[in-house]
Amino acid sequence: MMQPLFLKPVFKERIWGGTALQTEFGYDIPNDQTGECWAISAHPNGPSIVENGPYAGMALDDLYRKHPELFGNPKDEVFPLLTKILDANMDLSVQVHPEDSYAKVHENGDLGKTECWYILDCKEGADMIFGHNAKTKEELIEQINDGKWNELLRRVKIKPGDFFYVPSGTIHALCEGTLVLETQQSSDTTYRVYDYDRRDAEGNLRELHLEKAIDVTTVPHQNAGVAPKVQEGENVTITTFVESDFFSVYKWEVSGKAAFAFHDQYLLLSVINGEGTLLHNGQPYGLKKGSHLIIPVGFGEFEVDGHCELIVSHT
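Residues numbered from 1 in each chain as written. Predicted model: local features only at pLDDT ≥ 70, side-chain atom pairs only at ≥ 80, totals over all residues. Heavy atoms only, no water.

A. Representation of the nonpolar core. Membership of the largest hydrophobic core comes to 40 residues, with the highest contact counts inside it found for Leu60, Leu63, Phe71, Phe79, Ile85 and Ile294. For Phe71, the residues in contact, after removing those within four places along its chain, are Leu60, Leu63, Tyr64, Phe79, Tyr266, Ile294 and Val297. Counting 22 residues, the second-largest nonpolar core is a separate cluster that includes Phe260, Val271, Leu287 and Leu293. (Core = buried A, V, L, I, M, F, W, Y, C linked by side-chain atoms within 4.5 Å. Buried < 20%, exposed > 50% of the residue type's maximum accessible area, 1.4 Å probe, protein only. Contact = heavy atoms within 4.5 Å.)

B. Spatial organisation of the sheet that holds strand β3 (residues 34–40). Across the sheet, which stays open at both edges, the 6 strands sit in the order β2-β3-β5-β12-β7-β10 with antiparallel pairing between neighbours. Both outer strands of the open sheet, β2 (10–18) and β10 (163–166), are each paired with one neighbouring strand and no more. When the angles between neighbouring strand axes are averaged without regard to direction, this sheet yields 25 degrees. Bridging between β3 and strand β5 (residues 81–88) involves 4 bridges; their strand directions are antiparallel. Looking at the pairing, Cys37 lines up with Ile85 of β5. (Pairing = 2+ DSSP bridges. Helix = DSSP H or I, 4+ residues; strand = E, 2+ residues; numbered from the N terminus. Axes fitted to C-alpha atoms, helices over the stretch in contact; angles between N-to-C directions.)

C. Representation of the pairing of β10 within the structure. What you see with β10 is no split at all: Phe163 and Tyr165 on one side and Phe164 and Val166 on the other are buried throughout. Where strand β7 (residues 115–122) lies against β10, 4 bridges are found, and the strand directions are antiparallel. Of the residues in β10, the one forming a bridge with Trp117 is Phe164.

D. Structural context of the pattern of salt bridges. According to the stated counting rule, one finds 12 salt bridges in the structure shown. Between Glu107 and Lys212 there is a salt bridge, with the nearest N and O atoms lying 3.0 Å from each other. Of this pair, Glu107 sits in the loop between α3 (100–106) and β7 while Lys212 sits in helix α6 (residues 210–216), placing them 105 residues apart in sequence. By relative accessible area, which is 28% here, Lys212 ends up partly exposed. In this structure, Lys113 engages Glu115 in a salt bridge whose closest nitrogen and oxygen atoms are separated by 3.7 Å. Pair check on accessibility: Lys113 and Glu115 agree, each one buried. Through salt bridges with shared partners, a single ionic network connects Arg14, Glu36 and Lys84. (Salt bridge = Lys/Arg side-chain N within 4 Å of Asp/Glu carboxyl O.)

E. Focus on the packing of aromatic side chains. Applying the stated criterion across every chain yields a total of 21 aromatic pairs. Ring centres of Tyr64 and Phe71 lie 5.2 Å apart, and the angle between their planes is 55 degrees; on these two criteria the pair is classed as tilted. Residue classification places Tyr64 among the buried positions, given a relative accessible area of 5%. Considering the side-chain rings of Tyr64 and Phe79, the 5.5 Å spacing of their centres and the 85 degrees angle between planes classify their relative orientation as edge-to-face. With a gap of 15 residues between them, Tyr64 in helix α2 (residues 60–66) and Phe79 in the loop between α2 and β5 connect regions that are remote in the sequence. (Phe/Tyr/Trp six-rings, centres within 6.5 Å; stacked < 30°, edge-to-face > 60°.)

F. View of the state of the cysteines. Counted by the stated rule, this structure contains 0 disulfides. Take Cys122: it sits in no disulfide, and the sulfur closest to it among the cysteines is that of Cys175, at 11 Å. In this structure Cys308 is not part of a disulfide, and its nearest cysteine sulfur, from Cys37, lies 18 Å away. Residue Cys308 is classed as buried on the basis of its relative accessible area of 4%. (Disulfide = S-S within 2.5 Å.)

Okay, here's the thing in structure tokens:
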């Protein structure tokens, strides 16, 4: 019998990380500088492990290769998406990501990285860096070389519930006191532009990647605005945040028993609030804040019963 695939997250220590992944989600984090939860990942730098059913113990990248029927026998050679939760206890480095063709040539065939953020929580008055003010590549290079960060970088105010689409080529950085669910292409390629002259535990400055960063930055900045669409169903409100070439991302707000049907599409689900039960062919599966799962192709009709919020994505 087909089952949802519940996944065990992978945690990453980061210089800017903290403890919010433990306090907010109850995760058993490795230390008090845990910055990233790779919640649904088939990337070789941190694949998730299936926790239940006939594939229990398998890494998601192995499952994708050996059982492509669960994913609709896709053309993609690698699992295309990566879901993370980020705890920005301190400012992240100012960074930019390449698109597919550049990454293929310069990063050993890795995918590019277009991503998006759902702001789970942030401190009062929080902001983030999103874009730049340079009109030409020459102006970008000059302001980077001269360290004119206040002139170059754009800052935007954020609040819980905000959603941002971050195409490759966008200079960006999450800032202190922000907890984010990120949906992205399955890539681990980041080009640092500026890191506030921070030093790591050994006293070393972290590497910057200015040549590549300048190569891939979109100039002038193009603001990728989003216009969420809200649809009301029986006991569910579905907000569509983005439908792009790389992924579509939604929020499901369930209050009671809500019915869904997906036959030809696999889904990535992350429970960000509340709890409930997923019901499929009479079989119940518990959902709680911090649960992450994949609904395989052919799963068909199911219900979610409870009071919970989920971020849902697919290619």
